[in-house]
Amino acid sequence: MTTAELKSEIVDGVGVISLNRPHRHNAITDSLFEELSAVLRQQLDDQSIRCVLLRGEGRSFCSGRDTAELGRRADGQDDFTFVREHQRLRLDALESTKPIVAAVQGAVLGGGFEIALSADIRIIAEDAFFGLPEVGLGLVPDTGGTQILPALVGPARAKYLVLSGAHIDAATAYAWGLAEEIVPVDQLTQRAMQFCLGLATQPVLAMSMGKLLVNQATAGPIRNGIAQELLAQTALFSSSEYQQLKDRHPRARREGP
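An account of the accompanying structure is given in this report. Please read these numbers as outputs of a predicted model, since none were measured by experiment.

## Comments concerning empty space enclosed by the protein
If you walk through the whole model with that rule in mind, you get 3 cavities of 30 Å³ or more. Taken as a whole, the largest cavity encloses approximately 50 Å³ of empty space. Lining the largest cavity, in full, are Leu36, Leu40, Leu54, Leu89, Arg90, Ala93, Ile115 and Ser118. Counting residues per element, the ones that place at least two in the lining of the largest cavity are α1 (30-45) and α2 (79-95). With 3 residues, the single largest contributor to the lining of the largest cavity is α2. Across the lining of the largest cavity, the residue classes tally to 6 nonpolar, 1 polar and 1 charged.

This is the structure in structure tokens:
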């Protein structure tokens, strides 16, 4: 399936989902989120698919929410419901028994970073850079960033990213444990696909059990923590601090999903 904003295909048991807004660094719009949700859930439910590969067309994996839709809620949707819908997709990815691999390059920011964090394995290009800029707007990451990140890099490094809004490059991300492989930019798609095709040949039940068992180490705290992210972000959207920053920056970024 190919649309204006998303591509998907199945290759030898691998479901490939490609964000297709390269002119906007694959920034997430409401319409792209709806398409991504539908296609990812469909692939997770499809028994012929043994592994899912998430990737982005163009120079970047995903730069977060599109600035053209910042501060907007479709159909009068409240902040609580909006954030919760995005969290549900992250939890579906985390709790699926299928392995999910993210191939990332260029900008991996905000909600785009959190999409990558929800994958089981990250293969990154040498030009990738990562960041969670929410703090600069008086907000926090709200789709797993404060919960999955510490499990991968430890609490101090997670606080460094969450509290400062700083970017880190690919070499730092790899050294910190945010990625399992780092490859040249022109080899990213080929290497990620090669790895996924290898996973697709593994015994399905054993892979499912393996993912489930590894997840047990952090599954409960992460799920509980994501619920706390929801409450915190909903409160922050109504805070005077956020309102002042939003007024100071008319296109202020609601940088969760």
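Back to the write-up after that little detour.
## A look at the environment of Leu137
Inspection of the secondary structure puts Leu137 in the loop between β7 (129-131) and α4 (145-153). Residue classification places Leu137 among the buried positions, given a relative accessible area of 10%. Sequence-wise, Leu137 and Ala200 are 63 residues apart; in three dimensions their C-alpha atoms are separated by 42 Å.

## What to know about the environment of Ile100
Secondary-structure assignment places Ile100 in strand β4 (residues 100-104). Excluding residues that lie within four positions of it along the chain, Ile100 makes contacts with Leu44, Val52, Leu54, Ala93, Ala119, Asp120 and Ile121.

## Quick look at the layout of surface pockets
Put simply, the largest pocket is a space of about 580 Å³. Together, 27 residues line the largest pocket, and Leu94, Asp120, Val214, Asn215 and Thr218 are the ones closest to its centre. Elements with a minimum of two residues in the lining of the largest pocket: α2, β6 (121-125), α4, α8 (204-215) and α9 (219-237). For the lining of the largest pocket, the leading source of residues is α8, giving 5 residues. One number sums up the size of the second largest pocket: a volume of about 200 Å³. Taken together, Asp30, Phe33, Glu34, Ser37, Arg41, Ala74, Asp75, Gln77, Phe82, Glu85 and His86 make up the full set of residues lining the second largest pocket.

## Notes on a nonpolar patch on the surface
Taken together, the side chains of Leu205, Met209, Leu212 and Leu213 define a hydrophobic patch exposed on the protein surface, amounting to about 430 Å² of accessible area. On the secondary structure map, Leu212 appears in helix α8.

## Some details on the sheet that holds strand β5 (residues 107-109)
With respect to topology, 3 strands assemble into an open sheet ordered β5-β7-β8, the strand pairing being mixed. Each of the sheet's edge strands pairs with one partner strand only, and the pair in question is β5 and β8 (167-169). The mean angle between the axes of side-by-side strands here comes to 20 degrees, regardless of whether they run parallel or antiparallel.

## With respect to the state of the cysteines
Simply put, disulfide is the name for a covalent bond between the sulfur atoms of two cysteines. This model, assessed by the stated rule, comprises 0 disulfides. Cys196 supplies the cysteine sulfur nearest to Cys62, a cysteine that is in no disulfide, at a spacing of 18 Å. The class for Cys62 is buried, based on a relative accessible area of 0%. For Cys196, a relative accessible area of 0% corresponds to the buried category.

## Let's talk about the side chain of Glu229
Following the sequence through the fold, Glu229 ends up in helix α9. Salt bridges are absent for the buried Glu229, whose nearest opposite-charge side chain, Arg90, sits at 8.2 Å. Engagement of the side chain of Glu229 in a polar contact is seen with the backbone nitrogen of Gly144, the distance being 2.6 Å. Not counting chain neighbours up to four residues away, the residues in contact with Glu229 comprise Gln87, Pro141, Asp142, Thr143, Gly144, Gly145, Thr146 and Gln147.

## Side note on the environment of Leu53
Looking at the element boundaries, Leu53 is found in strand β3 (residues 51-56). Here Leu53 falls in the buried class, since its relative accessible area comes to 1%. Residues Leu53 and Leu230, spaced 177 residues apart in sequence, show a C-alpha to C-alpha distance of 27 Å.

## Thoughts on the pattern of salt bridges
Within the structure shown, the criterion is met by 11 salt bridges. Ionic pairing is found between Asp66 and Arg24, a salt bridge with its closest N-O pair at 2.7 Å. Linking Asp66 in the loop between β3 and α2 with Arg24 in the loop between β2 (14-19) and α1, this pair joins segments that are 42 residues apart in sequence. Judged by relative accessible area, Asp66 falls into the buried class, the value being 2%. Relative accessible area serves as the criterion here: at 33%, Arg24 is assigned to the partly exposed category. A salt bridge links Glu57 to Arg55; the nearest nitrogen and oxygen atoms lie 2.8 Å apart. Across the pair, exposure class does not vary: Glu57 and Arg55 are buried alike. One salt-bridge network, held together by shared partners, links Glu5, Arg21, Arg24 and Asp66.

Conventions adopted
Residues numbered from 1 in each chain as written. Predicted model: local features only at pLDDT ≥ 70, side-chain atom pairs only at ≥ 80, totals over all residues. Heavy atoms only, no water. 1 Å grid on protein atoms, 1.4 Å probe; cavity = no way out; pocket = protein on both sides within 12 Å on 5 of 7 lines; lining within 4 Å. Points joined across faces, edges and corners; volume = space filled by probe spheres on them. Helix = DSSP H or I, 4+ residues; strand = E, 2+ residues; numbered from the N terminus. Nonpolar A, V, L, I, M, F, W, Y, C, P; charged D, E, K, R; others polar. Buried < 20%, exposed > 50% of the residue type's maximum accessible area, 1.4 Å probe, protein only. Contact = heavy atoms within 4.5 Å. Patch = residues over 30% accessible without salt bridge, like charges linked within 9 Å, V, L, I, M, F, W, Y side chains within 5 Å. Areas by Shrake-Rupley, 256 points an atom, 1.4 Å probe, with all protein chains shown as cover. Salt bridge = Lys/Arg side-chain N within 4 Å of Asp/Glu carboxyl O. Pairing = 2+ DSSP bridges. Axes fitted to C-alpha atoms, helices over the stretch in contact; angles between N-to-C directions. Disulfide = S-S within 2.5 Å. Lys, Arg positive; Asp, Glu negative; His and termini not counted. Polar contact = N/O pair within 3.5 Å; in protein donor to acceptor, adjacent residues only side chain to side chain.

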